[in-house]
Amino acid sequence: MAQRIYLDHAATTPMRPEAIAAVEEGMRRWANPSSPHAEGRAARAALEDARARIKAALGWDGELIFTSGASEAIAIAMARAKAGSRLVSAIEHDSVLRVAGDAARIPVRPNGTIDLDILQALIERAQSPLVAVQHVNSELGAFQDAAAIRAMVAARDGLFFCDASQSAGKHPLPKADLIALSAHKFGGPIGIGALLVRDFAMLDPSGGQEFGYRGGTENLPGALGMAAALDATERMGDGAARWLADLQPALLGLRMKVADAGGNFIGGDGAGTAIAAIAMPGVKAAAQLIQLDSMGFAVSAGSACSSGSLKTSHVLEAIRTPPEVAESTIRVSVGWNTMAEDIARFAGAWQQIAQRARSRAA
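Residues numbered from 1 in each chain as written. Predicted model: local features only at pLDDT ≥ 70, side-chain atom pairs only at ≥ 80, totals over all residues. Heavy atoms only, no water.

Colleague: What exactly am I supposed to notice about the packing of helix α9 (residues 285-294) against helix α12 (residues 340-361) here?
Modeller: Angle between the axes and distance between the axes: these two values describe a pair of packed helices. Two elements in contact, α9 and α12, have axes whose closest approach is 11 Å; the angle formed by their N-to-C orientations is 130°. Between α9 and α12, the angle is such that the two are oblique. Here α9 runs over α12; the crossing is right-handed. Seen from α9, the contacting residues are Gln-288, Gln-291 and Leu-292; seen from α12, they are Phe-346, Ala-349, Trp-350, Ile-353 and Arg-356. For the contact of α9 with α12, the per-class residue count stands at five nonpolar, two polar and one charged. (Axes fitted to C-alpha atoms, helices over the stretch in contact; angles between N-to-C directions. Helix = DSSP H or I, 4+ residues; strand = E, 2+ residues; numbered from the N terminus. Parallel < 35°, antiparallel > 145°, perpendicular 65-115°, else oblique. Left-handed = near helix turned anticlockwise from the far one by under 90°. Contact = heavy atoms within 4.5 Å. Nonpolar A, V, L, I, M, F, W, Y, C, P; charged D, E, K, R; others polar.)

Colleague: Please explain the packing of aromatic side chains as it appears in this structure.
Modeller: Taken as a whole and judged by the stated rule, the model has three aromatic pairs. For the pair Phe-200 and Tyr-213, a centre-to-centre distance of 4.4 Å together with 15° between the ring planes defines the contact as stacked. With Phe-200 in the loop between β8 (193-197) and α7 (220-234) and Tyr-213 in the loop between β8 and α7, this pair connects stretches of sequence that are 13 residues apart. By the burial criterion, Phe-200 is buried, and Tyr-213 matches it. Centroid distance Phe-297 to Phe-346: 5.8 Å. Interplanar angle 75°. Geometry classified as edge-to-face. Taken together, the residues Phe-297 in strand β11 (residues 297-298) and Phe-346 in helix α12 connect sequence positions 49 residues apart. In this structure an aromatic cluster arises from ring pairing among Phe-200, Phe-211 and Tyr-213. (Phe/Tyr/Trp six-rings, centres within 6.5 Å; stacked < 30°, edge-to-face > 60°. Buried < 20%, exposed > 50% of the residue type's maximum accessible area, 1.4 Å probe, protein only.)

Colleague: Even after reading the chapter, I still don't get helix α1 (residues 17-28), so can you show me in this structure?
Modeller: Owing to its 3.6 residues per turn, the α-helix brings residues three or four apart onto one side. Between its first and last C-alpha atoms α1 spans 17 Å; for 12 residues at 1.5 Å apiece the expected length is 16 Å, and the two agree. For α1, the complete set of buried residues consists of Ala-19, Ala-22, Val-23 and Gly-26. Down the axis of α1, the smallest arc covering the buried residues is 100°, so these residues share one side. In α1, the exposed positions that point more than 90 degrees away from the buried face belong to Pro-17, Met-27 and Arg-28. (Expected span 1.5 Å × (residues − 1). Arc of directions from axis to C-beta.)

This is the structure:
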């Protein structure tokens, strides 16, 4: 049986060997980093070294709060940012929408990018707003113009919060005031993430650890694994950007085969990012997943946090995707260990399923 091919990296990506080794090392450093004795001080030194390495790898010169992942970082930012009204994009991850309450929704264009004219009008009516926009969308792979958004927000004395879970470790950090990260999206362990804060003055403290901004014993093994994963990315030269560029010919081949079989990329062509949404007319996403799984491919139907739901993706609804297209759309996402031949094999399998469906319909 051929080796299975994993193309669901937007849900989680396999841990890098360097991260696994670092977590194992952290398990041996069992002391509490907040304890005053020698063992605790050694654990604290290792934690702060990991913090410094992560910031250096990301090119971040602000503050870093370790969290249990991006969802917790998002909850902290949305609840405690020192700003007025909240504005969130209509295609934010569920973890943002769940804590956004009655925040105004920022509409997006059919390609998944923010309508900057409408955003400007919303910001002008707000007082020192917190604007939350995901850097790279977790279902479409759509990039946002973070620099333009931050400039608009800053002009109204607001704060720009960016969920960079799907871009950190793959692309340069967005220009933002607060940024959420999750280590397991770039080859680190599950259960560790961070909230990057340009200045602690932007955030209300809550007491406890992490400079008083996040309570709970620090996850030293996770922090070491997170730092090691980013170190490994940096050692690739230009980081994952070069790796992703190397995959572009294979992704172009996938686009051509999808078009030849009557399918299409939703919200763009999937170029430049690690995520693509692909529709196969006439074949429900669930049926595609079953067939692809039996053929040795792991993909998903949208975000892992909502793919078990029978509801239409709110992201596809927001970009006004026709229902019959939305229900036939799957998500393909590549990661640090994806090879060009993996994408080529998937393209052939996808085309085979589509052609079989067209033959039955004829």
